[in-house]
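# Structural description and commentary
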Amino acid sequence: MKKIFCSLAIASLLTVNASFAQKPLTENDFYQLRTLPLPEDAILEVGGMTILPDGRMAVATRRGEIWMIENPYQKDGTQPYYKRFAQGLHEPLGLTYRNGSFYTSNRGELTKITDEDGDGRADVYEAVTSLPIVGNYHEYSYGPVFDADGNMLVTLNVGWVGYGASLTKWRGWLVKISPEGKIEPISAGLRSPSSYLINSSGDLFYSENQGDWVASGKVSQLKKGSFNGHGESLKWTSDPASPLKLTKDQLPDTGEPVATAGEKIPHYQYPACWFPHVLMGISTAGMVEDVNGYLGPHFKGQYFVGDQGHSKVMRMQLEKVNGEYQGACFPFREGWASGLLRLEWGLDGSLVGGMTSRGWSSTGKAPYAIQRLVWSGKTPFEMQEIHSKPDGFEIVFTKPVDKETAANPANYKVASFTYKYHHQYGSPIINTEESGIKGIVVSADGRKARLVLDGSFRKHYIYEIKPEGVKSADQESVLHPVGYYTLNAVAPGDQVAASQFTPFKATAAPMNHEHGAMQASTGKTASTGKATANSKKRVTEMPADWAAPDQVLTIGTKPGLKFDVTELQVKAGSKVKLVFNNNDDMTHNCVIVAPGSVDEVGQKAIGLGLKGPDMQYVPNSPKVLFHTNLLQPESSESLYFTAPTQPGTYTYVCTYPGHHTLMQGKLVVVK
Ligand SMILES: [Cu+2]
């Protein structure tokens, strides 16, 4: 008996193992998060973070303190040790250590802090210089980063008065501060420049957040005399110290594509890499360059960019075409504990994330956290790089591909789009177009697939590249089968001769239309049937058989992703007219969903990707009961519907990507 039991147990163990082996691989199989235990008596909302030469970590908190962390790597399972080093600062949002002193940007001062007697506590706080401020809550100051000459670079957030405003000189600028404290304006047009770095080639980049004048998150090179898009900073260009003379009335504030608007603006700096809003993250933040290949030799020389709102790290790969940087971003590792503001390399090669979410909500629910990301030593199957080619793109994979799937054009999708340039908040995706694939050449070693595209290229557009059906030689799927390449210029070089193309099988159409993506992207959703299903849910004229609505509800919008009413009541089965007024300066819709389904519907809306704009970001789901279209600022729509007969708490929500977690209200249906 015993023997039989044992062999049965072993057999069932084997089955369990086999089913584990077949599970799709996840980010966690390659990169693991380790959470630092935090002391109970400290509120470590990370604003600035730096690693000291001896491996200790120093953290500046938004509460105005600096903490030293010994043994952050938890060697041999031991605990880290925390000690408060400094206090009394004003929301420091940067921290640098140099020649035995710390430097940090407070709201109104760049401060040098030194422990002169070596007791592990700060003794001397010196003002390097005052930073310009009028006291607006949104006037964050970031940095410093030292340049090669020992000057300090500091970025200055614009204030907020219902729009981003430069209320004092040089808000919305990158400034250079000499060791003597003299401020020199360098580059204009910044909005919320929370993070910047000097790369191994000595070039300076910053990450920017979506907002007014800024269509989406992006990473741009910062050059002296350049303009990065936010109009308010130009208020100060008549000052003799300004390195550029551009004025706000020279900006084409018309909502035309940013791809072409930039050509009309003197000194305009196109982003090196757009991080499409929601499709990647919602608020790009801390960045590091991996010169050492800490996260694997396959990503050596690439960048890792944190996202505060989505609690994730994204990957960016840059190349220079015609002397300018451009490149692609990719998803990399989500699931961090809080809003990821800072990234630094630990001395052990782990990627350390410093987090905070107070006032800036994030998908990671902790109010603050510190975590380290460690590479497992395994190589994920990913698009390692995307390169521009005169006739298309070349994808470099981290591992050899299965040549059959890699040569089949049905296994790829390529589409391009841009955004509007205007003073309004953010932008919808516009001008989406799919590219047909003429041919594919897979390299002999199986590491590269060269896609030759139909048609002409659109300069400064973002190309979405999805190798969804490509497998590795060992039959793994691409872990993150999407990348967004910002095509500022088409690379020169040789075209692929048509005779080199892999001949397509008759069954492989030039593009895969199965998912309706083509129809959606050209605005013909009405013919797909999906819109018909949804259109019954959007009745904007009073049904003929109604004498009058039983009840009229009015919902408006407020800044900060809010409806102006958070709860409404209707009688089950009654005839309802709902007036939705969008009085905010952002685009919103109003979608009534079944009880308990708001997250599911919100996630589905995000999942619409490039189809979203044409679908009004309303997913085709039975959980969607009624909905308006997406409304531009200062517009209104009326809906007519019969209230559900089933009493309960329904939700009205804006499903525009990034809004659904905050922008909700309760629709209580009563008997
Ligand atoms: Cu909204």
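Every residue gets a number counted from 1 within its own chain, in the order that chain's sequence is written. Given that this is a predicted model, residues contribute local features only at a pLDDT of at least 70 and side-chain atom pairs are listed and counted only at 80 or more, while totals for whole chains, interfaces and linings are drawn from all residues.

### Structural notes on the overall build of the protein chain
Secondary structure elements are defined from DSSP: runs of H or I of at least 4 residues count as helices, runs of E of at least 2 residues count as strands, and each element is numbered from the N terminus. Across its full length, the protein chain carries six helices and 44 strands. A compact globule built from 671 residues would reach a C-alpha radius of gyration of about 26 Å, and the protein chain, at 27 Å, matches this within 12%. Across its three principal directions, the C-alpha atoms of the protein chain cover 80 × 70 × 70 Å. Pairs at least 24 apart in sequence give 63% of the contacts found in the protein chain among residues at least 6 apart. Radius of gyration here is computed from C-alpha atoms only, and the compact-globule reference equals 2.2 Å multiplied by the residue count raised to the power 0.38. Note that contacts rest on C-beta atoms placed from the backbone: two residues are in contact if these are within 7 Å.

### Points about helix H6 (residues 598-607)
Residue burial here comes from a neighbour count, namely the number of other C-beta atoms, placed from the backbone, that lie within 10 Å of the residue's own C-beta, with 20 or more meaning buried, 12 or fewer meaning exposed, and in between meaning partly exposed. Within the span of H6, buried status applies to Val598, Val601, Gly602 and Ala605. Buried residues in H6, looked at end-on, bunch into an arc of 100°, giving them a common side. Looking at the packing, one finds that the buried side of H6 touches strand S40 (591-593), strand S41 (624-627), strand S43 (648-653) and strand S44 (664-670). Count one or two residues on from H6 and you reach glycine 609, which has phi positive near 55°. By definition, the arc is the one covered by directions from the helix axis to the C-beta atoms.

### Some details on the sheet that holds strand S8 (residues 109-114)
Between any two strands, pairing holds if DSSP finds at least two bridges. Strands sit in the order S6-S7-S8-S9 across an open sheet of four strands; the sheet is antiparallel. Of all strands in the sheet, those with a lone pairing partner are strand S6 (96-98) and strand S9 (124-130), marking the two edges. The sheet shows a mean angle of 25° between the axes of neighbouring strands, taken without regard to direction. As judged from the three bridges shared by S6 and strand S7 (residues 101-105), these two strands associate in the antiparallel manner. Each residue of the ladder has a partner; that of tyrosine 97, found in S7, is phenylalanine 102. Working convention: axes come from line fits to C-alpha atoms, limited for helices to the stretch in contact. Angles between N-to-C directions cover 0 to 180 degrees.

### Focus on the sheet that holds strand S11 (residues 152-156)
Here we have four strands laid out as an open sheet, ordered S10-S11-S14-S15, and antiparallel in their pairing. On the outer flanks of this sheet lie strand S10 (141-146) and strand S15 (183-187), each paired with one strand and no other. Neighbour to neighbour, the strand axes of the sheet diverge by 30° on average, direction disregarded. Two elements, S10 and S11, share four bridges in a ladder whose sense is antiparallel. The residue bridging serine 141 from the neighbouring strand is leucine 156, located in S11.

### Concerning the environment of serine 101
Note on placement: serine 101 falls in strand S7. We classify serine 101 as partly exposed; it has 16 C-beta atoms within 10 Å. Separated by 231 residues in sequence, serine 101 and phenylalanine 332 place their C-alpha atoms 34 Å apart. Not counting the four nearest positions on each side in its chain, serine 101 is found in contact with Lys112, Ile113 and Thr114.

### Examining unusual backbone geometry
The peptide bond linking glycine 143 to proline 144 adopts the cis configuration, its omega dihedral lying at 10°. Structurally, the position occupied by proline 144 is in strand S10. In the segment running from lysine 169 into tryptophan 170, the intervening peptide bond is cis, with an omega of -25°. Mapping tryptophan 170 onto the fold places it in the loop between strand S13 (164-165) and strand S14 (174-177). The residue glutamine 475 is not glycine, and still its phi comes out positive at about 70°. With respect to the secondary-structure elements, glutamine 475 resides in the loop between strand S34 (461-466) and strand S35 (483-487). In this structure glutamine 475 comes out as exposed when scored by C-beta crowding, with 9 C-beta atoms within 10 Å.

### Section: the pairing of strand S17 (residues 204-208)
The buried count for S17 comes to four of five residues, which makes it a mostly enclosed element. As paired elements, strand S16 (residues 195-198) and S17 share four bridges and run antiparallel to each other. Bridge assignment links tyrosine 196 to a residue of S17, and that residue is tyrosine 206. Following S16, the chain reverses through five residues before pairing antiparallel with S17; glycine 202 in that reversal takes a positive phi of roughly 85°. Here S17 pairs with strand S18 (residues 217-221) via four bridges, running antiparallel. From the neighbouring strand, serine 207 faces S18, where its bridge partner is valine 219.

### Regarding the domain arrangement of the protein chain
Here the protein chain is described as being made up of domain 1 (27-375), domain 2 (383-500) and domain 3 (551-670). Averaged C-alpha coordinates put domain 1 and domain 2 at centres separated by 30 Å. With 37 residues of domain 1 at the contact, the number on the domain 2 side is 34 residues. Elements with a minimum of two residues in the side of domain 1 that touches domain 2: strand S19 (256-257), helix H2 (258-261), strand S20 (273-275), strand S23 (312-321) and strand S24 (324-333). Of all the elements, S24 adds the most residues to the side of domain 1 that touches domain 2, at seven residues. By residue class, the composition of the side of domain 1 that touches domain 2 is 19 nonpolar, 13 polar and five charged. Note: domain ranges come from an automatic or database domain assignment. Basically, the charged four are Asp, Glu, Lys and Arg, the nonpolar ten are Ala, Val, Leu, Ile, Met, Phe, Trp, Tyr, Cys and Pro, and anything else, Gly included, counts as polar.

### Some thoughts on the confidence of the model for the protein chain
pLDDT runs from 0 to 100 and stands for how confident the predictor is about each residue. Averaged over all residues, the pLDDT of the protein chain is 91; the fraction at 70 or higher stands at 92%. Per-residue pLDDT stays below 50 along residues 1-21; that stretch engages in zero contacts with residues further than four places along the chain or on separate chains. Here residues 505-533 is modelled with pLDDT under 50, and outside its nearest four sequence neighbours on either side it reaches 41 contacts, counting other chains as well.

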